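Spelled out, the chains give:
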Amino acid sequence: MLNTVTSAHDLAALIEWYGAMGADCALDDLPQDRFEESQRQARERASARTARAAASDNRANASPSQPVGSTLTSKSSSNQSRPSLNAPQHGQQEGQAPAFLNPGSASVVEDARQMAAQAQTLADLRQALATFEGCSLKLSAKSLVFGDGNPDGEVMFIGEAPGRDEDLQGIPFVGRAGQLLDKMMTAIKLDRSNSYITNILPWRPPGNRKPSIDEQAMLQPFIHRHIELVNPKLLVFLGGTAAQQLLDSKEGIMRLRGRWRTYTVSGREIPAMSTLHPAFLLRTPAQKRAAWQDLLEVAAKLDSLR
């Protein structure tokens, strides 16, 4: 394609095309070797398996009376130590690990689940993510992007992952897509003072690529616990990746959007609406009408719950 660039006009058109496709920068601060990234993940998983095997041997050699660990239990039904994974109609049982591209990731997910379950506050959960070493996205990201807005808000918006601006500032949805989301929220009398915003992933995937199955799986316990601790009246899933993971669905966003589903956590059923991601709407303005219809549904449902 670069061979077709013969003038400043052609170059401007090419840059505009890349922007329409979702590229937010030509180059990152450091080049990203995708092959090295995959190899690094494999090395980390192998190292983690070796460490767990050694720990298992040590426990086996310990005396029966010696305590080998403890489990935190919840003090109330609204703050359980292990969150439900999803709405029951999808057939996934509570505590069941999702399917993985790499079977070795299952043990990493179990570690994540234990860390997330022990978090009794959002501050605890943020600290747990900061110390979690199972996901290599942490190595390439500049910031841990946890959440923004009012944790006591009635509506919780959940997107896919931070972008470049979010990674730089450490706050979700502050770039162009975030500015559009603010306008969408304002249209139904919501803002960051009465709503809460986060992503299923707290670290930016290099080059804004789609999160892998392993990455989504190993960070899934944290977003489930995040929802449990915020405990909103309504959930809004922004884009197909967030909606598919949290609804345990393989349907595309065009089939998922506009329909109320149920997200179950701590025995409570939370109405959940999927809609189009603001970044998609920036590239496809014609779909804003569909997103507006979804927002009207959210506003009507919220009024009915007040």
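Here is what the cut-offs are and how they apply
- All residue numbers here refer to positions counted from 1 along the written sequence of the relevant chain.
- In view of the model being predicted, local features appear only for residues whose pLDDT reaches at least 70, and side-chain atom pairs are presented and counted only at 80 or more, with totals across whole chains, interfaces and linings using the full set of residues.
- Side-chain figures throughout are based on the complete set of non-hydrogen atoms in the structure, without hydrogens or water.
- A run of H or I in DSSP becomes a helix once it reaches four residues, and a run of E becomes a strand once it reaches two; helices and strands are each numbered from the N terminus.
- Working definition: with a 1.4 Å probe on protein chains only, accessible area under 20% of the residue-type maximum means buried, over 50% means exposed, and in between means partly exposed.
- Working rule for contacts: check all heavy atoms of both residues, and any pair within 4.5 Å makes them a contact.
- Side-chain rings of Phe, Tyr and Trp, where Trp is taken by its six-membered ring, are said to pair if the distance between their centres is within 6.5 Å; with planes under 30 degrees apart they count as stacked, over 60 as edge-to-face, and otherwise as tilted.
- Think of it as a cone above the ring: NZ of Lys or CZ of Arg counts as a charge over the ring if it is within 6 Å of the ring centre and within 35 degrees of the ring normal.
- Pairs of strands are assigned from DSSP output, requiring at least two bridges between the strands.
- Note on geometry: axes are lines fitted to C-alpha atoms, helical ones only across the stretch in contact, with angles between N-to-C directions running from 0 to 180 degrees.
- Here, expected helix span is obtained from the residue count minus one, scaled by 1.5 Å.
- The directions considered for the arc run from the helix axis to the C-beta atoms.
- A pairing counts as a salt bridge when a side-chain nitrogen of Lys or Arg comes within 4 Å of a carboxyl oxygen of Asp or Glu.
- Reported orientations rely on four angle classes, namely roughly parallel under 35 degrees, roughly antiparallel over 145, roughly perpendicular from 65 to 115, and oblique for the rest.
- Residue polarity is assigned by list, with Asp, Glu, Lys and Arg as charged and Ala, Val, Leu, Ile, Met, Phe, Trp, Tyr, Cys and Pro as nonpolar; anything else, Gly included, falls into the polar class.

**Some details on the overall build of the chain**
Tallying secondary structure elements over the chain gives twelve helices and six strands in all. Burial statistics for the chain: of 306 residues in total, 42% are counted as buried. Look at the contacts in the chain between residues 6 or more apart in sequence, and 73% of them connect residues 24 or more apart.

**Overview of the packing of aromatic side chains**
For the coordinates displayed, the defined rule picks out one aromatic pair. Looking at Lys301, its charged tip hangs above the ring of Trp260, at a distance of 5.1 Å from the centre.

**Quick look at the sheet that holds strand β4 (residues 234-238)**
Taken in spatial order, the six strands line up as β1-β3-β2-β4-β6-β5 in an open sheet, and their pairing is mixed. Each edge of the sheet is formed by a strand with only one pairing partner; in this case those strands are β1 (148-149) and β5 (260-265). Sheet analysis places β4 next to strand β6 (residues 268-275), joined by four bridges and oriented parallel. When the bridges of β6 are listed, Leu238 appears paired with Thr275. Relative to β6, helix α12 (residues 288-305) is tilted by about 160 degrees, and along the sheet it contacts β2 (155-159), β4, β5 and β6.

**Focus on α12**
Its 18 residues give α12 an end-to-end C-alpha distance of 26 Å, which sits within 8% of 26 Å, the value for a rise of 1.5 Å per residue. For α12, the complete set of buried residues consists of Ala290, Ala291, Asp294, Leu295, Val298 and Leu302. Down the axis of α12, the smallest arc covering the buried residues is 140 degrees, so these residues share one side. Exposed and oriented more than 90 degrees from the buried face of α12 are Arg289 and Ser304.

**Some words on the environment of Ala141**
If you trace the backbone, Ala141 turns up in the loop between α5 (137-140) and β1. Look at Ala141 and you get buried, because its relative accessible area is 15%. On a C-alpha basis, the gap between Ala141 and Leu168 in space is 8.9 Å, while along the polypeptide they are 27 residues apart. Those residues within four positions of Ala141 in sequence are excluded, and the remaining contacts are Asp167, Trp203 and Arg204.

**A short note on the pattern of salt bridges**
All told, the structure shown has twelve salt bridges when counted by the stated rule. The residue Arg306 makes a salt bridge to Asp303 at a minimum N-O spacing of 3.3 Å. For Arg306, a relative accessible area of 54% puts it in the exposed group. Overlapping salt bridges bring together Glu154, Lys233, Asp303 and Arg306 as one network.

**Things to note about the pairing of β5**
On a regular strand, one side chain projects to one face of the sheet and the next to the other, so that they alternate. Sheet topology places β5 next to β6; six bridges connect them, and they run antiparallel. The residue of β6 that forms the bridge with Trp260 is Met273. Between β5 and β6, which follow one another and run antiparallel, lie two residues, and Ser266 among them has a positive phi close to 55 degrees.

**Here's the deal with the environment of Asp165**
Along the chain, Asp165 falls in helix α6 (residues 164-169). Taking the C-alpha atoms as reference points, Asp165 and Arg204, 39 residues apart in sequence, are found 9.9 Å from one another.

**A word on helix α4 (residues 122-131)**
Leu122, Leu125, Ala128 and Leu129 are the residues of α4 that are buried. Each buried residue of α4 lies within a common arc of 115 degrees when the element is viewed along its axis, so the set occupies one face. Buried residues belonging to α4 abut α3 (105-118), α5, β3 (195-199) and α8 (213-230).

**Topic: the pairing of β2**
Counting buried positions over the five residues of β2 gives five, a clear majority of the element. Burial of the side chains of β2 extends over both faces: Val155, Phe157 and Gly159 are buried on one face and Met156 and Ile158 on the other. Pairing of β2 with β4, which is carried by four bridges, proceeds in the parallel orientation. The partner of Phe157 across the bridge, within β4, is Val236.

**Topic: the packing of α4 against α8**
Their axes nearest at 10 Å, the elements α4 and α8 cross at an angle of 170 degrees. The orientation of α4 relative to α8 falls into the category roughly antiparallel. Where α4 abuts α8, its residues Leu122, Leu125, Ala128 and Leu129 lie against Leu219, Phe222, Arg225, His226, Leu229 and Val230. Looking at the contact of α4 with α8, its residues break down into eight nonpolar, one polar and one charged.

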